[in-house]
Amino acid sequence: MSVSAENPFKTCFPAALYLPGDAFDASRFQLIGRRIAGLQFAQAIAASLQPAELLRVVCPEPDSRNPLVASLRPVVPAKAGIALSGEVSMGSLAGVDAIHYPDPSIAAAAEWRAANPGADLSITGIIHTLCTTTVVAMVRRCVTAPVAPWDALVCTSRAGRSVVESILAQHTEYLARRFSQASLSKAQWPSLPVIPLPAPVEPPIATGLSRQERRAYARQRLGIAATSFVACSVGRLSFHSKAHPLALYRALAGVAEAHPDLLLLECGQYSNPQIAGAYRELQERFPQLRFQVIGGLEPATDEAKWLVYAAADVFVSPADSIQETFGLTLLEAMLAELPLVVSDWDGYRDLVQEGVTGFLVPTADVLATTEQVDSIQAPYQAGTLSYDTMVALRSLGVVVDVDALRQALATLADDPALASRMGLQGAQRLREHYAPSVIAARYRQLWGELGERRRSASEEEWRGLRAWIPADARLFQGYGSQPFTVESVRASQQEPGDSLLSDSMNADLFDQLCLGQSSTVRAHLKASGELSLAVLLSLGYPEERGRQILAALVKLGVADGSSPS
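Thresholds applied
- As a convention, each chain's residues are numbered from 1 in the sequence order in which they are written.
- pLDDT decides what is reported in this predicted model: residues at 70 or higher carry local features, side-chain atom pairs at 80 or more are listed and counted, and totals for whole chains, interfaces and linings draw on all residues regardless.
- Each side-chain value is worked out from all heavy atoms of the structure, with water and hydrogens disregarded.
- For two strands to pair, DSSP has to find at least two bridges joining them.
- Under the DSSP-based scheme used, a helix requires at least four consecutive residues in state H or I and a strand at least two consecutive residues in state E, with every element numbered from the N terminus.
- The axes are straight lines fitted to the C-alpha atoms, using for helices just the contacting stretch, and the angles between their N-to-C directions are given from 0 to 180°.
- The disulfide criterion is simple: two cysteine sulfur atoms within 2.5 Å.
- We call a residue buried when its accessible area falls under 20% of the maximum for its residue type, exposed when it is over 50%, and partly exposed in between, using a 1.4 Å probe and counting protein chains only.
- For Phe, Tyr and Trp, where Trp contributes only its six-membered ring, two rings pair if their centres lie within 6.5 Å, and the inter-plane angle classes them as stacked under 30 degrees, edge-to-face over 60, or tilted in between.
- Working rule: Lys NZ or Arg CZ, within 6 Å of ring centre, within 35 degrees of ring normal, means a charge sits over the ring.
- Contacts are assigned to residue pairs that have any heavy atoms within 4.5 Å of one another.

Participant: Help me out: how do you make sense of the sheet that holds strand β9 (residues 263–269) in this one?
Facilitator: Pairing between the strands of a sheet is mediated by backbone hydrogen bonds and can be parallel or antiparallel. The strand order across the open sheet formed by six strands is β10-β9-β8-β11-β12-β13, and the pairing between neighbours is parallel. In this open sheet, the two strands that pair with only one neighbour each are β10 (290–296) and β13 (358–361). The average angle at which neighbouring strand axes cross in this sheet is 20°, direction not considered. As paired elements, strand β12 (residues 340–343) and β13 share four bridges and run parallel to each other. Paired with V342 across the two strands is L360, which belongs to β13.

Participant: Any chance you could explain the state of the cysteines here in plain terms?
Facilitator: A covalent bond between the sulfur atoms of two cysteines is what we call a disulfide. A full pass over the atoms with the stated rule returns zero disulfides. Of all cysteine sulfurs, the one in C232 lies closest to C267, which takes part in no disulfide; the gap is 8.1 Å. Residue classification places C267 among the buried residues on the basis of a relative accessible area of 2%.

Participant: It is not clear to me how the packing of aromatic side chains should be interpreted in this structure. Could you clarify?
Facilitator: In this description, a pair of aromatic rings is defined by centroid distance and the angle of the planes. Overall, the coordinates contain 13 aromatic pairs when judged by the stated rule. With a centroid separation of 6.3 Å and an interplanar angle of 50°, the aromatic rings of F239 and Y279 are classed as tilted. Of the two residues, F239 is situated in the loop between β8 (230–234) and α7 (246–256) and Y279 in helix α8 (residues 273–283); the sequence distance between them amounts to 40 residues. Given a relative accessible area of 4%, Y279 falls into the buried group. In this structure an aromatic cluster arises from ring pairing among F13, F41, Y443 and W447. Seen from the ring of F179, R178 lies directly overhead, with NZ or CZ sitting 5.6 Å from the centre.

Participant: How should the sheet that holds strand β16 (residues 488–491) be read in this particular structure?
Facilitator: Taking strand neighbours across the sheet as the criterion, the three strands line up as β17-β16-β18 in an open arrangement whose pairing is antiparallel. On the outer flanks of this sheet lie β17 (530–532) and β18 (559–560), each paired with one strand and no other. The pairing of β16 with β18 spans two bridges and is classified as antiparallel. Paired with R490 across the two strands is D560, which belongs to β18. Contacts from helix α20 (residues 518–528) reach β16 and β17 within the one sheet, and its direction differs from that of β17 by about 125°. Against the sheet, helix α22 (residues 543–555) makes contact with β16, β17 and β18, and its axis sits at roughly 35° relative to β16, the strand it touches most.

Function-wise, these values are silent; they only describe arrangement.
What follows is the structure, given as structure tokens:
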């Protein structure tokens, strides 16, 4: 990359980011965890740019480009920059070593790479929810697509990586059985590094205040007594796809016996009035508890969410859904210096240091008793059971230990000093392991390592990847009577001759066939009265394209060659 007054950038950031609006734009799409995570990831990468470094970003939807630029520009360091493109192309990826996708769709990207021999780059993606048929198909496709070990599917948790490994292993084993092989090599699987999502930078409310000062400020704003013991739960208010609230309500009811001023702040959105009504119905069964909902049928504002974190004494999330993979709200709670009381479930267990930053509540899952497709999965796979119903039925098979949940909450309610220490240790752990700069550095290292592996790959390995494409020459060569093997053609002496190439029926297509240089080809034919394959090769055309040009000249009556007999 050249440096000039117009182009002051010496290098490109190692990877381009592919960011469709669905991956980050909560102004146009529903506010959900993976979109929050997508924007925070992009901001973490943009903030990590070095002087004179250019970050290439591909955003295919015009309506999402301005919001993306507005979100990234404030965090880009001085003398660094962003180049925004609308499509994945050799131009939009110039100078980069990799392209990163916000989902597991690396197989489709690898197919694009195989079709573009000049695309010498690694492809990476990231997991979020892993239980949909669409996502499982994306991961499974990595076994047969031209994906290489110098590509990567980044897993945000160890539990998520275990799921991905199981999908890849199952499909590899299926193919071995399908083709009567003892086994198939796993050597061509993508790399599966575990890199967590980045945490937010800082709470956007009451900045500069101490934890206790933020607590007092937030409680005044929310109308909460200073003496109340406040537990907060943040995220989708969904009993079927996030966490069934009964275990939490039962546990809090036990704690309320000794702490009658207990309050549960539920911050999130109900997807419809029926779900809101179901929550109210269950809450009426616990008259000893006080509830305050922030959000409800409308999404909670970002300010309101951080007021909830600031006002609380403990963060609680008894997640029981297989939709969960990581736990972004746990990072938010750690940033707010809250102790965590969460279910021992999937990626949650990576984030919590038991007894240090919080407590993990045991869970028991029916799925752990079998390895077969069961009576819930079968109709979902067949399309006769909806996704929402499937995840809801799955959650009913997960039992959260209510006694352990109650004991953890009671311990923190009885010992505010312990809660404070845990919150401080959680904030320290976040700074060390989940800060945006830490995560961006890990990705930069990953892309560097993948690049080294890719550059050491043999030509045979690359040929193996590009053999994925079934060549038209192999598929359709039997359609004609015989091959077109003409090596040289002569300008036709019949009217209208060369002028046919200027007709609207032929001009654009022939110019495309000549790679935009049809005038050069026509000039050679006109000047010498003939045109050979050797001349076309000297002009830089590959042999197959040269033969295509000769055939088109004969077909269109512009030149004469040996005709099929």
